[in-house]
Every structure is written in C-alpha cells, then in structure tokens.
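Report on the structure
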Amino acid sequence: VASVLRQGGLKASDLEAVVFSNESPTNHFFYGDSASDAQASLLKRVAEGVMDSAWVDIRPVKRTADSLAKALMFNRLRKRQVSDVSAELGVDPARLSFVEHHRAHAYSALYYLPDAALGQDWCVLTLDGIGDQLSATVSKLHGGRLERISATDYFDSVGLLYGAVTQFLGMKANEHEYTVMGLAP
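For the structure given in this document, a descriptive report is provided here. This structure is a prediction, so every number in the text was calculated from the model and none was measured.

The next point concerns the overall build of the chain. Summing up its helical and strand segments, the chain has seven helices and five strands in all. Starting at the N terminus and ending at the C terminus, the chain contains elements arranged as α-β-α-α-α-β-α-β-β-β-α-α. Every one of the 185 residues in the chain was classed for burial, and the buried ones make up 28%. Long-range contacts, defined here as pairs at least 24 residues apart, represent 48% of the contacts in the chain between residues at least 6 apart. Of the roughly 12600 Å² of accessible surface on the chain, a fraction of 60% belongs to carbon and sulfur atoms.

This part takes up helix α5 (residues 101-110). Among the residues making up α5, those that are buried are H101, H102, A106 and L110. Elements that come into contact with the buried residues of α5 comprise β1 (18-21), β2 (96-99), β3 (122-131), β4 (134-142) and β5 (145-153).

Bringing the packing of aromatic side chains into the picture now. Each aromatic ring pair is described using two quantities: the centre-to-centre distance and the angle formed by the ring planes. The tally for this structure, following the rule as stated, stands at two aromatic pairs. Taking the centre distance of 5.2 Å and the plane angle of 90° together, the rings of Y111 and Y112 count as edge-to-face. The same class applies to Y111 as to Y112, namely exposed. For the pair Y154 and F155, a centre-to-centre distance of 4.6 Å together with 20° between the ring planes defines the contact as stacked.

The subject of this paragraph is the environment of G159. Mapped onto the elements of the fold, G159 is located in helix α6 (residues 158-168). When the C-alpha positions of G159 and I130 are compared, they lie 7.6 Å apart, and in sequence the two are 29 residues distant.

Right, let's get into the pattern of salt bridges. Enumeration according to the criterion identifies two salt bridges in this entry. E100 is the partner of R148 in a salt bridge, and the nearest nitrogen-oxygen pair spans 2.8 Å. Of the two residues, R148 sits in strand β5 while E100 sits in the loop between β2 and α5, which places them 48 residues apart along the sequence. Residue classification places R148 among the partly exposed residues on the basis of a relative accessible area of 29%. On the basis of relative accessibility, which here comes to 18%, the residue E100 falls in the buried class. Between K172 and E175 there is a salt bridge whose closest N-O contact spans 3.6 Å. Take E175: its relative accessible area is 42%, and that puts it in the partly exposed class.

Turning our attention to α6. A distance of 3.2 Å separates the backbone nitrogen of G159 from a side-chain oxygen at the start of α6, and that oxygen is part of S157. Positive backbone phi, approximately 90°, marks G170, located one or two places after α6.

Attention shifts here to the nonpolar core. In this structure, L5, A12, V18, V82, V85, L89, V91 and L96 together form the largest nonpolar core, which totals eight residues. Considering each element in turn, this core owes the most residues, three residues, to helix α4 (residues 59-89). The next biggest cluster of nonpolar side chains, apart from the first, holds seven residues, and it includes A106, L113, V124 and L141.

Here we come to the side chain of S86. Secondary-structure assignment places S86 in helix α4. Residue class for S86 comes out buried when judged on its relative accessible area of 9%. The residues touching S86, leaving out its near neighbours within four places in the chain, are V91, D92, P93 and L96.

So, about a nonpolar patch on the surface. A cluster of nonpolar side chains, namely L161, V165, F168 and L169, defines an oily patch on the protein surface of about 440 Å² accessible area. A relative accessible area of 36% places V165 in the partly exposed class.

What counts as what
- Numbering of residues starts from 1 in every chain and runs along the sequence as written.
- Given that this is a predicted model, residues contribute local features only at a pLDDT of at least 70 and side-chain atom pairs are listed and counted only at 80 or more, while totals for whole chains, interfaces and linings are drawn from all residues.
- Only hydrogens and water are set aside when side-chain values are computed; all heavy atoms of the structure are taken into account.
- Segments assigned H or I by DSSP are reported as helices when at least four residues long, segments assigned E as strands when at least two residues long, and all are numbered from the N terminus.
- Each residue is assigned to one of three classes by its accessible area relative to the maximum for its type, calculated with a 1.4 Å probe on protein chains only: buried under 20%, partly exposed between the two thresholds, exposed over 50%.
- Here, two residues are considered to be in contact whenever any of their heavy atoms come within 4.5 Å of each other.
- Surface accessibility follows the Shrake-Rupley procedure with a 1.4 Å probe radius. Residue values consider only the protein chains on display as shielding.
- Note on aromatic contacts: the rings of Phe and Tyr and the six-membered ring of Trp form a pair at centre separations within 6.5 Å, being stacked when their planes are under 30 degrees apart, edge-to-face when over 60 apart, and tilted otherwise.
- Note on definitions: salt bridges are taken to be side-chain nitrogens of Lys or Arg within 4 Å of carboxyl oxygens of Asp or Glu.
- Two N or O atoms count as a polar contact when they lie within 3.5 Å, although within protein this holds only if one can serve as hydrogen donor and the other as acceptor, and sequence-adjacent residues are included solely when both atoms are side-chain atoms.
- The nonpolar core is taken to be a set of buried Ala, Val, Leu, Ile, Met, Phe, Trp, Tyr and Cys residues, with the residues joined through side-chain atoms within 4.5 Å.
- Only residues whose relative accessible area exceeds 30% and that form no salt bridge are eligible for patches; like-charged ones are grouped when within 9 Å, while nonpolar side chains (Val, Leu, Ile, Met, Phe, Trp, Tyr) are grouped when within 5 Å.

Pasting the structure below:
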C-alpha cells in the first residue's frame, strides 16, 4: 500500500476509505497466518485427514465446523486485523471497511464500463480459486444494484482443481498455473 501511495504522490491521510476483501480472518487462522505454525499445521492435517478418509460427503460437517470457528473467533481476529492495518497505514480505524470478495471482483469489473452502459442490465460472472468460501458467482446488475443470482462454494472450485493439477505436474500451486495454461492445446 505504501508503494502505491508513493507512486500516486499521496499520503495515507489523503485516503477517503481503505476497503478490504471481507475474507474472514479465521480462514487465515486455519492456514497459519494468525496462529502459531504448529497450531495451524495440526488443524490443517486433522482437517485433511478427515477429508481424505471420509466415506461419506462430510462437506456439511466441514461447513458447520467452519461456521462455529468463525463465530467463536471472527470478532477477536477482525479487531486485531483492523488494528494492525490501521497502525501500519496510520489511518483512523473508522475509515477501514470490508466488502465480500466476489462482490469486490464484480464491482471492480463494472468500474471500467462507460457511464452510458451503467443504465443497462448486465450479467456479471466471477471465477476465483476461493474467496469468502466461494469460487464463483453469477450476479445481475440492474439499476445500479448488483443482485447475486447464484454462487458456487469452494468445494467445487475449478481454480482449486487447476491448482491440484499444477501441483501434480510437479509445479507450485498458486504460482505456476499460467505454465499449465500455456501447455494446454
């Protein structure tokens, strides 16, 4: 952020708002960013072990466990996240806000539409590996409002499948997918 501000000749105090993806900080807890690596590693191994050994579809159980963890930890971790970002940027915490991950993608695409096009109806498709527990959304822009029509949760993510194929081919997931795309006919 500091680099972008420098390039724009701005200071943090010049910003009207700082907006982040609403990605739950509890997601980072389970993958090591907000907890000790030992805790995160253990939780991840247990979750993967359960997922690998399940004979039935345990996605509803996983969703329930995720929801419980979020309910227990979300507020504490979100406050810490806001405090850390506010301190790093030197911005009043009241100027920080969050927006759902795929909604941010959709609105960023709409930002580039000509003003005349905003009066029309648009279908907006977002595709991502994972963001706020979703991998894809279909929304309708009507009258300047974005209405979500459908969403696909991350269990059915084409992006995560692509990452797994990338890793299977001996490359690094979340980094070398472009190489796999280049290899495709």
